[in-house]
Amino acid sequence: AEDMAENTVTVTVTYGTAKHSINVAGQENQEPLLKDLAEAVAGVTGVPVPSQKLIFKGKSLREMDQPLSGFGIKQGCKLMLIGKRNSPEEELELKKLKDIEKSVEQTTKKLEKVDGELTGLKNGFLAKDLQAEALNKLDQRVKGAAEQFMKFLEQMDAMTFPENFNDCRMKRKGLVKTVQACLAQCDKIEAGISDHLAKIQSKNLALAE
């Protein structure tokens, strides 16, 4: 438990009339940063990080990458939070986006698996006819992933947000970029597959002659 104490801090955050005791853990054995605190506060209070103003000893804290100890914040310190919560409507839309984000992550993992198997095939010693079959299966899986990614884009495209749903807009914008990068990756892997298929086929022709 010795290590745990190093990279977790418990602080009290006052928000309006409510007091919250918040445990802040650092990432991977690092001491907690202001952004770790801000994310924990967002989870407890529902005030999104961009809308938060965290105040400690009369000072507004801004440098997200600064460790808490850099501000003099240690175990048991008291902070104050000012900021508007997202409306329940916006939280609902954000939740939908977070669900899409989870699905995007799962589909990305599937794609990485295909990529890994393709590399294995290229470096492997699988018989040629088995290779072609395996490559066609990989191709199907990439096409499946690409279809999923397109679906996610359509889902996000169909979402309409009121002007003031800035959190949703930012989240969607980032997610759309991620999905577009994934689609580019799909294209790249598909090209790699057809490339390798063409190689095998030309080798087979050479053998047949």
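The structure presented is a predicted model; accordingly, all values stated were derived computationally and were not measured. (Residues numbered from 1 in each chain as written. Predicted model: local features only at pLDDT ≥ 70, side-chain atom pairs only at ≥ 80, totals over all residues. Heavy atoms only, no water.)

Asks: What exactly am I supposed to notice about the domain arrangement of the chain here?
Replies: For the chain, the assigned domains read domain 1 (8–83) and domain 2 (88–206). The C-alpha-based centres of domain 1 and domain 2 are spaced at 36 Å. (Domains from an automatic or database assignment.)

Asks: It is not clear to me how the environment of Thr-108 should be interpreted in this structure. Could you clarify?
Replies: Among the structural elements, Thr-108 can be located in helix α3 (residues 88–123). A sequence separation of 56 residues divides Thr-108 from Gln-52, and the C-alpha atoms of the two residues are 32 Å apart. Thr-108 has contacts with Phe-149 and Cys-182, leaving out every residue within four places of it along the chain. (Helix = DSSP H or I, 4+ residues; strand = E, 2+ residues; numbered from the N terminus. Contact = heavy atoms within 4.5 Å.)

Asks: Honestly, the pairing of strand β2 (residues 18–25) in this entry has me stumped. Any pointers?
Replies: Regular strands place side chains that alternate from one sheet face to the opposite one. As paired elements, strand β1 (residues 8–15) and β2 share eight bridges and run antiparallel to each other. Counted as the bridge partner of Thr-12 is Ser-21 from β2. Linking two consecutive strands that pair antiparallel, namely β1 and β2, is a turn of two residues; a positive phi of about 60° is found at Gly-16 within it. (Pairing = 2+ DSSP bridges.)

Asks: Teacher, can you tell me more about the packing of α3 against helix α4 (residues 128–157) here?
Replies: Think of two packed helices as two axes; the pair is described by the angle between the axes and how far apart they sit. Relative orientation of the contacting elements α3 and α4 amounts to 160°, with a least axis distance of 10 Å. As the angle between them shows, α3 and α4 are arranged roughly antiparallel. Crossing handedness for the pair α3 and α4: left-handed. On the side of α3, the interface is formed by Leu-97, Ile-100, Ser-103, Val-104, Thr-107, Thr-108, Leu-111, Lys-113, Val-114, Glu-117, Leu-118 and Leu-121, while α4 contributes Gln-131, Ala-134, Leu-135, Leu-138, Arg-141, Val-142, Ala-145, Gln-148, Phe-149, Phe-152, Gln-155 and Met-156. A class-by-class count of the residues in the contact of α3 with α4 yields 15 nonpolar, six polar and three charged. (Axes fitted to C-alpha atoms, helices over the stretch in contact; angles between N-to-C directions. Parallel < 35°, antiparallel > 145°, perpendicular 65-115°, else oblique. Left-handed = near helix turned anticlockwise from the far one by under 90°. Nonpolar A, V, L, I, M, F, W, Y, C, P; charged D, E, K, R; others polar.)

Asks: Quick question: what am I supposed to make of the sheet that holds strand β3 (residues 53–56) here?
Replies: Pairing between the strands of a sheet comes from backbone hydrogen bonds, and it takes one of two forms, parallel or antiparallel. The strand order across the open sheet formed by five strands is β2-β1-β5-β3-β4, and the pairing between neighbours is mixed. Every interior strand has two partners, whereas the edge strands, β2 and β4 (59–61), have only one. Here the strands of the sheet are splayed against their neighbours by 35° on average, with no regard to which way each runs. The sheet contact formed by β3 and β4 spans three bridges and is antiparallel. The residue bridging Leu-54 from the neighbouring strand is Leu-61, located in β4.

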